[in-house]
Amino acid sequence: MSPFLRSYLTVVWFGLAAFLLGGLLLWVASLLRPVKPNREKGMPYESGVDPVGEGWSQSQIRYYVFALLFVVFDVEAVFLFPWATQLERYGSFGLVEMGVFVAVLLLGLVYAWRKGVLRWV
Amino acid sequence: MLGLIASIPYWAQSLLRVLGGIVAVLLPAGTIVYVFLFKMMSFMQSRLGPMEAGPFGSLQLFAEVGKWLQKEDLYPERADRFIFKIAPLIVLSSTFLLVAVVPFGPDAWFTDFEAGVFYALAVSSVSVLGILIAGWSSANKYSLLGGLRAAGQLIAYELPMVLAVIGVVIQAGTMNLQQIVVAQNAGSIFGWDGLGNPYILTQFVGFIIFMIAVQAELTQTPFDMPIAESELVSGYMTEYSGFRFLIFFIGEFATAGVFALIASILFLGGWGVPFAWFGWTSIDSVDNWMNVVGPLIMFTKMMLLVFVIMWVRFSYPRFREDQLQRFAWKVLIPLSLVNIMATSVLKVAF
């Protein structure tokens, strides 16, 4: 296996290590802790008042526009990173190109701002 | 040193790396909780903090873990049991994936990615998934709202963080964290190399944006709307008790440590000292003892940055939800875009 892939394999080990460590600690805890469930303990906690209706109640998701904007700017960042590493080679040509790109996206943000969707109502 | 590492079989290398990673996650987390959360917070509030367990309460952490181990593991009857149980582990795994990319010395690294900082920003958002499913699976209205609130904040502040880092990448010309460290320490300010060129000087705006975004990503106090223990019953963590709650807690402070490590790499020169002090020119000429001193330098810088984070946390009141969203979208993001363009103009001009 190439060193490149091996370093990514290390990442897999790190992710597994988190689950193993957490699992180990939870297993130790399961040997020590009491298990005495009852109905009251199993009820959702709503500041002492008995809950009414489903836990998965309908709720307004306020930020779907924020989520769309997030995707736009996140993709912008994906394009910006490789450009940033090579800026020295591109010189002023790369600078102007990316200036146009960023300006267009900034215009989108200004448009969203003017439309009033950047308010958390 | 590298030859020594290469002579060990792969499985032993991986084992050593993972053990090193566990130390790099848990040691800062424990130190941060004791030094800052127990002691500094107490002193700022004119009290002593824990004093009973060990000298100056230094063994308090072990007492706490012992206490949490004995707590009953409760879950709501209607909860989505499996997802409810693994959510804290997903948050913790985000921290472990993040620390995998941090270099602690010229040869003391876990992985040496070309796209290091890009990878770090990507895996840091895995914790959002853990938080969302923790809020969803609890089958509790408060938790569901809390999870959505937390996700809204975390995605809003991820953008300023990502965009602030681009300024550093433009200056260093690389995304590899190791090479970013070298670029800072081998650099010079107008020909004077006594300090290297730590990017906190040239990227000061980026540094401020990054630290504000880190504060929000860690949900520390001016931005602790998702948690709000006393008013909103801990948001997405309402239904968690016992050791699963402690895993969320460990994850929070371990991530604080790792983000401080990454900030110290990007802006404060990381593990290095200015190379001119010892006549080094590149990473290959760095002396071997830096593999021991480097982690200590990193730890010092991490403590400094976490001190700042905690100082802000203990000093400021909380932002309202609409205020913090407005701050991210209308101040930080335009500012960081301007910072990117200014940096790139200066980079091309000089």
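This one's a predicted model, so the numbers in the text were calculated from it and none came from an experiment.

**A short note on the overall build of chain A**
Stage number 1. Tallying secondary structure elements over chain A gives four helices and zero strands in all.
Stage number 2. Written out in order from the N terminus, the α and β elements of chain A read α-α-α-α.
Stage number 3. Relative to the globule expectation of 14 Å for 121 residues, the C-alpha radius of gyration of chain A, 25 Å, shows a markedly less compact shape.
Stage number 4. For chain A, the spread of C-alpha atoms along the principal axes amounts to about 70 × 50 × 15 Å.
Stage number 5. Within chain A, the fraction of its 121 residues that count as buried is 15%.

**Concerning the overall build of chain B**
Stage number 1. Scanning chain B from N- to C-terminus turns up 14 helices and zero strands.
Stage number 2. Listed N to C, the secondary structure of chain B is α-α-α-α-α-α-α-α-α-α-α-α-α-α in terms of helices and strands.
Stage number 3. Relative to the 2.2 N^0.38 estimate, which gives 20 Å for 350 residues, the radius of gyration of chain B is 21 Å and therefore close to what a compact globule would have.
Stage number 4. Across its three principal directions, the C-alpha atoms of chain B cover 65 × 50 × 45 Å.

**Structural notes on the interface of chain A and chain B**
As a measure of interface size, the accessible area lost when the parts come together is often cited.
Stage number 1. With 57 residues of chain A at the contact, the number on the chain B side is 67 residues.
Stage number 2. If you list the elements that add at least two residues to the side of chain A that touches chain B, you get α1 (3–32), α2 (39–42), α3 (64–85) and α4 (87–115) of chain A.
Stage number 3. Element by element, the count of residues in the side of chain A that touches chain B is highest for α1 of chain A, at 16 residues.

**Quick notes on unusual backbone geometry**
All names here are of chain B.
Stage number 1. Phi at S46 is positive, roughly 55°, even though this residue is not glycine.
Stage number 2. Turning to its location among the elements, S46 is positioned in the loop between α2 (10–44) and α3 (60–69).
Stage number 3. You can call S46 exposed: it has 6 C-beta atoms within 10 Å.

**Focus: the confidence of the model for chain B**
Stage number 1. In this model, chain B carries an average pLDDT of 86, and 98% of its residues clear a pLDDT of 70 or more.
Stage number 2. For this predicted complex, the interface score ipTM comes out at 0.86, while the overall pTM is 0.90.

**Regarding the environment of D112 of chain B**
Stage number 1. Mapped onto the elements of the fold, D112 of chain B is located in the loop between α4 (81–99) and α5 (116–124).
Stage number 2. For the pair formed by D112 of chain B and Q178 of chain B, sequence separation is 66 residues and the distance between their alpha carbons is 7.3 Å.
Stage number 3. D112 of chain B has contacts with S7 of chain A together with Q178 of chain B, leaving out every residue within four places of it along the chain.

**Considerations on helix α7 (residues 141–172) of chain B**
Stage number 1. With 32 residues, α7 of chain B ought to run about 46 Å at 1.5 Å a step, and its terminal C-alpha atoms sit 47 Å apart, in line with that.
Stage number 2. Counted residue by residue, α7 of chain B has 30 buried out of 32 residues, so it is predominantly covered.

**Some details on the environment of L107 of chain A**
All names here are of chain A.
Stage number 1. Tracing the chain through its elements places L107 in helix α4.
Stage number 2. On the basis of neighbour counts, which here come to 10 C-beta atoms within 10 Å, the residue L107 falls in the exposed class.
Stage number 3. For the pair L107 and A84, spaced 23 residues apart in sequence, the C-alpha to C-alpha distance is 21 Å.

**What about the packing of α2 of chain B against α4 of chain B?**
Residue and element names in this part refer to chain B.
Stage number 1. For the pair α2 and α4, interaxial distance at closest approach is 10 Å and the crossing angle is 115°. As far as their axial angle goes, α4 and α2 are roughly perpendicular. Remark: the crossing between α2 and α4 carries right-handed chirality. Seen from α2, the contacting residues are G21, A24 and V25; seen from α4, they are T95, F96 and V99.
Stage number 2. In terms of residue class, the contact of α2 with α4 is made up of four nonpolar, two polar and no charged.

Conventions and cut-offs
- Residues numbered from 1 in each chain as written.
- Chains lettered and ligands numbered in written order.
- Predicted model: local features only at pLDDT ≥ 70, side-chain atom pairs only at ≥ 80, totals over all residues.
- Helix = DSSP H or I, 4+ residues; strand = E, 2+ residues; numbered from the N terminus.
- Rg over C-alpha atoms; globule rule 2.2 N^0.38 Å.
- Buried ≥ 20, exposed ≤ 12 C-beta atoms within 10 Å, placed from the backbone.
- Contact = placed C-beta atoms within 7 Å.
- pLDDT = per-residue confidence, 0-100.
- Expected span 1.5 Å × (residues − 1).
- Axes fitted to C-alpha atoms, helices over the stretch in contact; angles between N-to-C directions.
- Parallel < 35°, antiparallel > 145°, perpendicular 65-115°, else oblique.
- Left-handed = near helix turned anticlockwise from the far one by under 90°.
- Nonpolar A, V, L, I, M, F, W, Y, C, P; charged D, E, K, R; others polar.

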